Amino acid sequence: MTPSPEEAPLEIYGFWRSQAMYRLRVALKLKGVAYAEIPVNLDGGEQDTPEFRRISPMGSVPALIADGTALTQSLAILEWLEETHPEPPLLPADPLGRARVRSIASVVVADSHPLIVPRVKRYLTEHAGFDAARWKAWQTYFFTAGLQGVEARLAAGGGTGCFCHGDKPTIADICLAGLAAGAKTFGIAVADVPTVDRIVDACLALPAFDASRADRQADFPG
Ligand SMILES: N[C@@H](CCC(=O)N[C@@H](CS)C(=O)NCC(=O)O)C(=O)O
């Protein structure tokens, strides 16, 4: 049977290792929204084809197709999802709590993750003389700065509970777990982040987070 438009899964261009795609996978699963992931091989340069650039002008995943419109930028898509599928909420009800959650998420999404994506590696390798060791040191620095930065925020209180804000997962947990997963994928261990470690463990115990792991995706190369 052909599904009606309402039932058709959302289409999202993604990549198994993408932290930004991971955020969407978790949120969609937590909210029970069906989606189909269309792999874009970032290691094979598929993000730079003219066809994909028409969908995502920055050549980045995720790109979600909603009513024929391509949406990019994971945080914007998470907010769209929250507005279109409010249950269960992934933002707190109070404005201060919402700001705190968005602030923690932004440490990851705006201040950490953009520095360690393939296009940055490509530029540093091709134009700044980076070899594998310098890239690893760069990655380690920014994963560490991000995770230790979030640790400081969480350890200072202000709403930290079983999760980053209270006892239910929010957008902050989704972004944090993605950063921690990225560090693990690249074999980078970050010390002295006990609150982050505790919260990431709590996230990974939830099926939505576990099923979103890079190594559980259809395009994971093994
Ligand atoms: N700020 C964007 C970042 C998107 C992004 O850079 N995604 C990475 C994968 S995690 C990507 O597609 N990179 C392609 C490249 O660097 O060439 C978001 O949150 O969606």
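Residues numbered from 1 in each chain as written. Predicted model: local features only at pLDDT ≥ 70, side-chain atom pairs only at ≥ 80, totals over all residues.

Undergrad: Describe in detail the pairing of strand β3 (residues 63–66), supporting the description with residues and values.
TA: For a regular strand, the rule is simple: side chains alternate between the two faces of the sheet. Pairing geometry for strand β1 (residues 10–14) and β3, over 3 bridges, is antiparallel. By the bridge assignment, I12 is partnered in β3 with L64. Inspection of the sheet shows β3 paired to strand β4 (residues 69–72) by 4 bridges, in the antiparallel sense. Of the residues in β4, the one forming a bridge with L64 is L71. The loop that links β3 with its antiparallel partner β4 comprises 2 residues; one of these, D67, has a positive phi angle of about 50°. (Pairing = 2+ DSSP bridges. Helix = DSSP H or I, 4+ residues; strand = E, 2+ residues; numbered from the N terminus.)

Undergrad: Give me the lowdown on the packing of helix α6 (residues 132–155) against helix α8 (residues 194–204), citing residues and values where you can.
TA: Any two packed helices are characterised by the angle at which their axes cross and by the distance between the axes. Contact pair α6 / α8: the axes reach a minimum separation of 8 Å and the direction vectors enclose 90°. In this view, α6 runs roughly perpendicular relative to α8, as classed from their interaxial angle. The residues of α8 that touch α6, namely those facing L147, V150, E151, L154 and A155, are T195, V196 and I199. Of the residues that constitute the contact of α6 with α8, the class distribution is 6 nonpolar, 1 polar and 1 charged. (Axes fitted to C-alpha atoms, helices over the stretch in contact; angles between N-to-C directions. Parallel < 35°, antiparallel > 145°, perpendicular 65-115°, else oblique. Contact = placed C-beta atoms within 7 Å. Nonpolar A, V, L, I, M, F, W, Y, C, P; charged D, E, K, R; others polar.)

Undergrad: Could you give an account of helix α4 (residues 95–109), naming the residues involved and the relevant values?
TA: Between its first and last C-alpha, α4 extends 20 Å over 15 residues, near the 21 Å set by a 1.5 Å rise per residue. Three or more residues of α4 are buried, namely R100, V101, I104, A105, V107, V108 and V109. (Expected span 1.5 Å × (residues − 1). Buried ≥ 20, exposed ≤ 12 C-beta atoms within 10 Å, placed from the backbone.)

Undergrad: Give me the confidence of the model for the protein: which residues, what numbers.
TA: Of the residues in the protein, 97% reach a pLDDT of 70 or more, and the chain-wide mean stands at 96. Every residue in residues 1–5 is under pLDDT 50, and counting partners more than four places away or in other chains gives 1 contact. (pLDDT = per-residue confidence, 0-100.)

Undergrad: Run through the site of the ligand, naming residues and quoting values.
TA: The ligand sits among 17 residues. The nearest are S18, S60, S74, P118 and R119. Those elements that place two or more of their residues in the shell around the ligand are α1 (19–31), α3 (74–84) and α5 (118–127). Counting only domains with at least three residues in the shell around the ligand, you end up with domain 1 (15–88) and domain 2 (95–211). (Near = placed C-beta within 6 Å. Domains from an automatic or database assignment.)

Undergrad: Give me unusual backbone geometry: which residues, what numbers.
TA: Residue P62 is bonded to the preceding V61 through a cis peptide linkage, with omega at 5°. Following the sequence through the fold, P62 ends up in the loop between α2 (50–55) and β3. The residue after E87, namely P88, is reached through a cis peptide bond having omega -15°. Tracing the sequence through the fold places P88 in the loop between α3 and α4. Here D67, not a glycine, exhibits a phi torsion of approximately 50°, which is positive. Position of D67 relative to the elements: it lies in the loop between β3 and β4. Unlike most non-glycine residues, D192 shows phi in positive territory, near 60°.

Undergrad: Before we move on, could you go through the domain arrangement of the protein and cite the residues and values that matter?
TA: For the protein, the domain assignment lists domain 1 (15–88) and domain 2 (95–211). Each of domain 1 and domain 2 has a C-alpha centre, and these two points are 19 Å apart. Listed as interface residues are 13 residues of domain 1 and, on the opposing side, 16 residues of domain 2. Secondary structure elements with two or more residues in the side of domain 1 that touches domain 2: α1 and α3. Take the side of domain 1 that touches domain 2: its biggest share by element is 8 residues, from α1. The residue makeup of the side of domain 1 that touches domain 2, split by class, is 8 nonpolar, 2 polar and 3 charged.

Undergrad: Please provide a residue-by-residue account of the nonpolar core, values included.
TA: Counting 52 residues, the largest nonpolar core has A27, I171, C175, L176, A180 and V196 as its most contacted members. Looking at this core, the elements with two or more residues in it are β1, α1, β3, α3, α4, α6, α7 (171–185) and α8. When residues of this core are assigned to their parent elements, the largest contribution, 10 residues, is made by α7. When we break this core down by domain, the ones giving at least three residues each are domain 1 (15–88) and domain 2 (95–211). (Core = buried A, V, L, I, M, F, W, Y, C linked by C-beta atoms within 7 Å.)

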